[in-house]
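This is what each chain is made of:
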There are 2 protein chains.
Amino acid sequence: MVAPLKVGLAGLGTVGASVVRLIERQRDVLSQRCGRPIEIVAVSARSRGKDRGLDMRKLRWVADPMTLATDPAIDTFVELMGGEGDPAHSSITAALKAGKSVVTANKALLARHGVALAALAEKHRVALNFEAAVCGGIPIIKTLREGLAGNAITRIYGILNGTCNYILSKMEQEKLSFDACLKEAQRLGYAEADPSFDIEGHDAAQKLSILASLAFGTRLDPKAIYVEGITSIDTADLEWADELGYRIKLLGVAVKTAKGIEQRVHPTMVRKDSPIAQVMGVTNAVTIDADGIPPITLVGPGAGGMATASSVVSDIADIARGLRAPPFGRPTARLTASRKAPMQRHEGGYYIRLLAKDKPGTAATIARRLAQQSISLESIVQRHLGPAGGSSEKRGPVPVILVTYATSEDAVRKALAAVKRDRVISGEPQLIRIEKN
Amino acid sequence: MVAPLKVGLAGLGTVGASVVRLIERQRDVLSQRCGRPIEIVAVSARSRGKDRGLDMRKLRWVADPMTLATDPAIDTFVELMGGEGDPAHSSITAALKAGKSVVTANKALLARHGVALAALAEKHRVALNFEAAVCGGIPIIKTLREGLAGNAITRIYGILNGTCNYILSKMEQEKLSFDACLKEAQRLGYAEADPSFDIEGHDAAQKLSILASLAFGTRLDPKAIYVEGITSIDTADLEWADELGYRIKLLGVAVKTAKGIEQRVHPTMVRKDSPIAQVMGVTNAVTIDADGIPPITLVGPGAGGMATASSVVSDIADIARGLRAPPFGRPTARLTASRKAPMQRHEGGYYIRLLAKDKPGTAATIARRLAQQSISLESIVQRHLGPAGGSSEKRGPVPVILVTYATSEDAVRKALAAVKRDRVISGEPQLIRIEKN
């Protein structure tokens, strides 16, 4: 039998403890699949005494993750502590410099230091694997890095944040407000006490930056991403979406355009019959469009201890069997600076919901402002939602729903600014981009 | 620069020609991704002169695939001729024995000779890759072989045949007969002139045998698969399925049961809101259930020149970067004989459609026969489909639709045999298994 792969594991939270259990439980199969056993020889975590349901006597304890990272007894360092700063960053750096392969689930760290760490891994001829950093249990990194090695990818988009998808699904299915659904998500542990990182789209943006790099061979650049969260979505938007044949999802989208790589995270209307529209609750999904072939979609758990752990274990297994691919698919020196396509020049269809003041000429004014920006309308609906034939006495503002054909972000923004100046609408217009799929 | 990987390619049909084009077009990216260039140094095909839209002058021609397979100038042999016999079998065998890695898209060959060829590849320490053999452009082989290396898979099922899914989708969406949809599939090139291999489920069965081996570590055994095609499906079944909240798909299912591995291909009712139910047309999809994690579903093109070629190229790229995993996930010596779970002992829900003679006591008789086999009913409907209030003058047989709770195949068969003996129904009962998902 070949010598075992010796793993040092830093971080024993839900995922870390699941990794220990999975490697123990699947010992024989992993050994067969990799041609050698995988052994966790030492662990490190903040608190030694905490009950994790693990037999800690079997695991050699190393108090300091930095010490573990360079421990001569390990071949591979698994970082599951999290956080974009130290000790995660310093210990991964130390491990790579000491010639040890690294597995991490740390998307924040990768979004910030990914290219530098990948260069370090290359220099020391070791692996840097991070399947668990994006979409938990879905093998999307492997698919992009190896499975579609020969495909010319034109677009990649997906539901990258389970919290947002849970909230939007629940708002749609139970016609509850955003706040009520957020509270429920918090109660169930799907959202943090401070949910802003998720609901404002930053979590999805970090993941998108990793996917975009793998798909397009660009250097990670989270700052190049236009980010808009889901807090402005109203149940009315979900009902209109349904009526128009769409669902609303928070998507991360990276697409090759003539102007560069467009990267954006925002609430998006997707056709109801598309695979991604079916994805409800905390589930994640990613669709890949490549030149000359129909789209490929991967759907699965975006989080959860066992799902994430299974990706960590498959990363460790790849190292055990000697696979070492460039972390971002290409040598870091060949990653190109991402040419950012400015959001004003984004082109696509738009859903616009306005509250029109109920006076003569309003519709004509709105239509004229759009025409001035050469925006063509696929549909326009002016009425209250709900059963027809309601009382006509209540003459409040009337919702006007516009769906445009492909136009530019700039044109839409200008038209809406003009409509606002015309004082024919109440409040802020709602604007949701439509993604063709 | 490291020496290029030198490829010999036998078979220049749609897929083969697409492989040549893709490797040419993606030359630089592939070289970056693999750390070395990939070069097609020689080709072989039945007819040299045929116009394939390729510049054949660039490609060294070898008339005999056997000669190409052992050509000292190649490292890797790509077999895209098809057929489970020779020259595919003999040339792959020769290539492996000559120490060359092999890529093939040949599911029929693998279903029959897969284990022996895998053993040969192991012996000579070369790769045997076949991503394109199952679900064309979907990276399902890589996902099972590497991506879920640590997962204990409990069930794998999917839409493995695009022809059948096209026909069933069209029957459902356009309310056309099976024959009309088959003709249309033939016209569009989705079905062969002799469609039986597809529509009777044999194509799906070959693919399922490969997936089951990778998922469960069993030796391929296409004969262990229960196979039933889609020719008996009536538009009435699709309409009832819709009314009951299901869709009908031809699924290949491999599942671990206490009695062994159950492998079956048959028309299946799947819940309308499941990811797999959304898959329409020639698209393929596979869902993987593993212990302790939510299901993972992969959706994408099951056929087509470029889609299949992209899988062939990713297999070649893996060889170029030095990856060599056991073809069926584990060393062939560790593959276990598949303990076949007999179909009579299959347990699940059933949809049953009977044509009941319109006379008193019929429903009672049917209900009694089911009760005698301890079958509980989730629902029973006795009426003609279509708008209510039709003429009552036409007193023909009345459709009775039964949906059972989980029971055994054996019990259902016995109950229906008794109902037939009772002479209360016309014609043959329709039986469609329900798959929980």
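Keep in mind the model is a prediction, meaning the values are calculated, not measured.

Peer 1: Explanation requested: the overall build of chain A in the structure shown.
Peer 2: Scanning chain A from N- to C-terminus turns up 14 helices and 17 strands. Taking 437 residues into account, the globule formula puts the C-alpha radius of gyration at 22 Å, and chain A, at 24 Å, falls close to it. By the burial criterion, 60% of the 437 residues in chain A qualify as buried. Contacts in chain A between residues far apart in sequence, at least 24 positions, make up 76% of those at least 6 positions apart. As displayed, chain A has an accessible area near 17100 Å², and 50% of this comes from carbon and sulfur atoms. Computed over 58 positive and 45 negative side-chain charges, the inter-centroid distance for chain A is 4 Å.

Peer 1: Quick question: what am I supposed to make of a nonpolar patch on the surface here?
Peer 2: Residue and element names in this part refer to chain A. Taken together, the side chains of L188, Y190 and V282 define a hydrophobic patch exposed on the protein surface, amounting to about 220 Å² of accessible area. With respect to the element layout, L188 can be found in the loop between α8 (178–187) and α9 (196–199). A residue is classified by how much of its surface remains accessible, and L188, at 37% relative accessible area, is partly exposed.

Peer 1: Where do I start with the confidence of the model for chain A in this structure?
Peer 2: Do not read the fine detail of predicted coordinates wherever pLDDT is low. Residue and element names in this part refer to chain A. Mean pLDDT over chain A: 93, with 97% of residues reaching 70 or higher. Confidence drops under pLDDT 50 across residues 389–393; counting only partners more than four residues distant or on other chains, this segment forms 0 contacts. Across the interface, the model reports ipTM at 0.93; the global pTM reads 0.94.

Peer 1: Got a minute to help me understand the relation of the copies chain B and chain A in this structure?
Peer 2: One copy of the chain maps onto the other through a rotation about an axis plus a displacement along that axis. Overlaying chain B on chain A yields an RMSD of 0.1 Å, the required transformation being a rotation through 180° with an accompanying axial translation of 0.0 Å. Interpreted geometrically, this transformation is the action of a two-fold axis. Residue L298(B) of chain B places its C-alpha closer to the rotation axis than any other residue of that unit, at 2.3 Å. Most of the interface of chain B is mirrored in chain A, where 100% of its interface residues are also at the interface.

Peer 1: Please clarify how the sheet that holds strand β4 (residues 76–79) of chain B should be interpreted in this entry.
Peer 2: All names here are of chain B. Spatially, the 6 strands line up as an open sheet ordered β3-β2-β1-β4-β5-β6, and their pairing is parallel. Sheet topology places β3 (60–61) and β6 (128–129) at the edges, where each strand pairs with a single neighbour. Pairing of strand β1 (residues 5–10) with strand β2 (residues 38–44), which is carried by 6 bridges, proceeds in the parallel orientation. What sits directly across from K6, in β2, is E39. On top of the sheet, helix α12 (residues 305–320) reaches β1, β2, β4, β5 (101–104) and β6; it is set at about 165° to β5, its chief contact.

Peer 1: Quick question: what am I supposed to make of the interface of chain B and chain A here?
Peer 2: The figure often quoted for interface size is the accessible area lost as the parts come together. The interface is formed by 48 residues belonging to chain B together with 48 residues belonging to chain A. Here chain B and chain A share 4 salt bridges between them. Across the pair R25(B) and D291(A) runs a salt bridge, and its minimum N-O distance is 3.9 Å. Seen at the junction of chain B and chain A, the total is 23 residue pairs in polar contact (both at pLDDT 80 or more). Taken together, the elements giving at least two residues each to the side of chain B that touches chain A come down to α1 (14–25), α2 (27–34), α6 (140–147), α10 (202–216), β12 (293–301) and α12 of chain B. Considering every element that reaches the side of chain B that touches chain A, the biggest residue donor is β12(B), with 9 residues. Residue composition of the side of chain B that touches chain A, by class: 24 nonpolar, 14 polar and 10 charged. Relative to β12(B), strand β12 (residues 293–301) of chain A is paired through 3 bridges, and the arrangement is antiparallel.

Peer 1: Just checking my understanding: could you explain helix α12 (residues 305–320) of chain A for this structure?
Peer 2: Since the α-helix packs 3.6 residues into each turn, any two residues three or four apart lie on the same face. Its 16 residues give α12(A) an end-to-end C-alpha distance of 22 Å, which sits within 8% of 22 Å, the value for a rise of 1.5 Å per residue. Judged by how many residues are buried, α12(A) sits mostly within the fold: 16 of 16 residues are covered.

Peer 1: What am I meant to see in the nonpolar core here?
Peer 2: If you look at soluble globular proteins, the nonpolar side chains tend to sit buried side by side. Ranked by size, the top nonpolar core spans 229 residues in total, and within it I140(A) and I140(B) carry the most contacts. Excluding anything up to four places from it in sequence, I140(A) contacts E131(A), V134(A), C135(A), L211(A), V286(A), I288(A) and L298(A).

Peer 1: How do you make sense of the packing of aromatic side chains when you look at a structure like this?
Peer 2: Both the distance between ring centres and the angle between the ring planes are used here to describe each pair of aromatic rings. Residues and elements named next belong to chain A. The final tally for this structure, using the stated rule, is 4 aromatic pairs over all chains. Between Y166 and Y190 the ring centres are 5.0 Å apart and the planes differ by 65°, which places this aromatic pair in the edge-to-face class. Taken together, the residues span a long stretch of sequence, with Y166 in helix α7 (residues 162–174) and Y190 in the loop between α8 and α9 at a distance of 24 residues. Geometry around F130 places R145 over its ring, the cationic atom sitting 5.1 Å from the centre.

Peer 1: Teacher, can you tell me more about the side chain of T404(A) here?
Peer 2: Mapped onto the elements of the fold, T404(A) is located in strand β15 (residues 398–404). Setting aside anything within four residues of it in sequence, one finds T404(A) in contact with G348(A), G349(A), Y350(A), I352(A), I375(A), S376(A), L377(A) and E378(A).

Peer 1: Mind showing me how you'd approach the domain arrangement of chain A here?
Peer 2: Residue and element names in this part refer to chain A. The assigned domain composition of chain A is domain 1 (5–137 + 308–334), domain 2 (148–301) and domain 3 (345–434). The distance between the C-alpha centroids of domain 2 and domain 3 comes to 25 Å. Contacts between domain 2 and domain 3 engage 20 residues on the former and 18 residues on the latter. Of the roughly 1700 Å² buried between domain 2 and domain 3, counting both surfaces, carbon and sulfur atoms make up 58%. Together, W240, K259 and M269 form the three largest contributors to the area buried by domain 2 at its contact with domain 3, with a combined 38%. Inspection of the domain 2/domain 3 interface yields 3 salt bridges. Among the ionic pairs, K259 bridges to E347, the shortest N-O distance being 3.9 Å. Joining domain 2 to domain 3, the criterion identifies 9 residue pairs in polar contact (both at pLDDT 80 or more).

Peer 1: Looking at this structure, I do not really get the sheet that holds strand β1 (residues 5–10) of chain A. What am I missing?
Peer 2: The strands that make up a sheet pair up through hydrogen bonds in the backbone, lying either parallel or antiparallel. Residue and element names in this part refer to chain A. A sheet is described by the order of its strands in space; here 6 strands give the open sequence β3-β2-β1-β4-β5-β6, paired in parallel fashion. Both edges of this open sheet fall to β3 (60–61) and β6 (128–129), since each of them pairs with a single strand only. When strand β4 (residues 76–79) meets strand β5 (residues 101–104), the two strands line up parallel, connected through 4 bridges. Note that in β5 the partner of E79 across the bridge is T104.

Peer 1: How should the environment of Q372(A) be read in this particular structure?
Peer 2: Residue and element names in this part refer to chain A. With respect to the element layout, Q372 can be found in helix α13 (residues 362–372). For Q372, a relative accessible area of 47% corresponds to the partly exposed category. Distance in space between the C-alpha atoms of Q372 and A411 is 9.1 Å, their sequence separation being 39 residues. Polar contacts involving the side chain of Q372 include one to the side chain of R369, which spans 2.9 Å.

Peer 1: How should helix α5 (residues 107–123) of chain A be read in this particular structure?
Peer 2: Residues and elements named next belong to chain A. Helix geometry: α5 is bent most strongly at H113, by close to 80°. Residues of α5 that are buried: A108, L109, L110, A111, H113, G114, V115, L117, A118, L120 and A121. Where α5 is buried, its residues meet β4, α4 (88–97), β5, β6 and α10 (202–216). Of the residues one or two after α5, R125 is the one with positive phi, at around 55°.

What counts and how
Residues numbered from 1 in each chain as written. Chains lettered and ligands numbered in written order. Predicted model: local features only at pLDDT ≥ 70, side-chain atom pairs only at ≥ 80, totals over all residues. Heavy atoms only, no water. Helix = DSSP H or I, 4+ residues; strand = E, 2+ residues; numbered from the N terminus. Rg over C-alpha atoms; globule rule 2.2 N^0.38 Å. Buried < 20%, exposed > 50% of the residue type's maximum accessible area, 1.4 Å probe, protein only. Contact = heavy atoms within 4.5 Å. Areas by Shrake-Rupley, 256 points an atom, 1.4 Å probe, with all protein chains shown as cover. Lys, Arg positive; Asp, Glu negative; His and termini not counted. Charge placed at Lys NZ, Arg CZ, Asp CG, Glu CD. Patch = residues over 30% accessible without salt bridge, like charges linked within 9 Å, V, L, I, M, F, W, Y side chains within 5 Å. Salt bridge = Lys/Arg side-chain N within 4 Å of Asp/Glu carboxyl O. pLDDT = per-residue confidence, 0-100. Least-squares fit on C-alpha atoms with pLDDT ≥ 70 in both. Pairing = 2+ DSSP bridges. Axes fitted to C-alpha atoms, helices over the stretch in contact; angles between N-to-C directions. Polar contact = N/O pair within 3.5 Å; in protein donor to acceptor, adjacent residues only side chain to side chain. Nonpolar A, V, L, I, M, F, W, Y, C, P; charged D, E, K, R; others polar. Expected span 1.5 Å × (residues − 1). Core = buried A, V, L, I, M, F, W, Y, C linked by side-chain atoms within 4.5 Å. Phe/Tyr/Trp six-rings, centres within 6.5 Å; stacked < 30°, edge-to-face > 60°. Lys NZ or Arg CZ within 6 Å of the ring centre and 35° of its normal. Domains from an automatic or database assignment. Buried area = accessible area lost by both parts, 1.4 Å probe. Bend = angle between axes of the 7 residues up to and from the residue.

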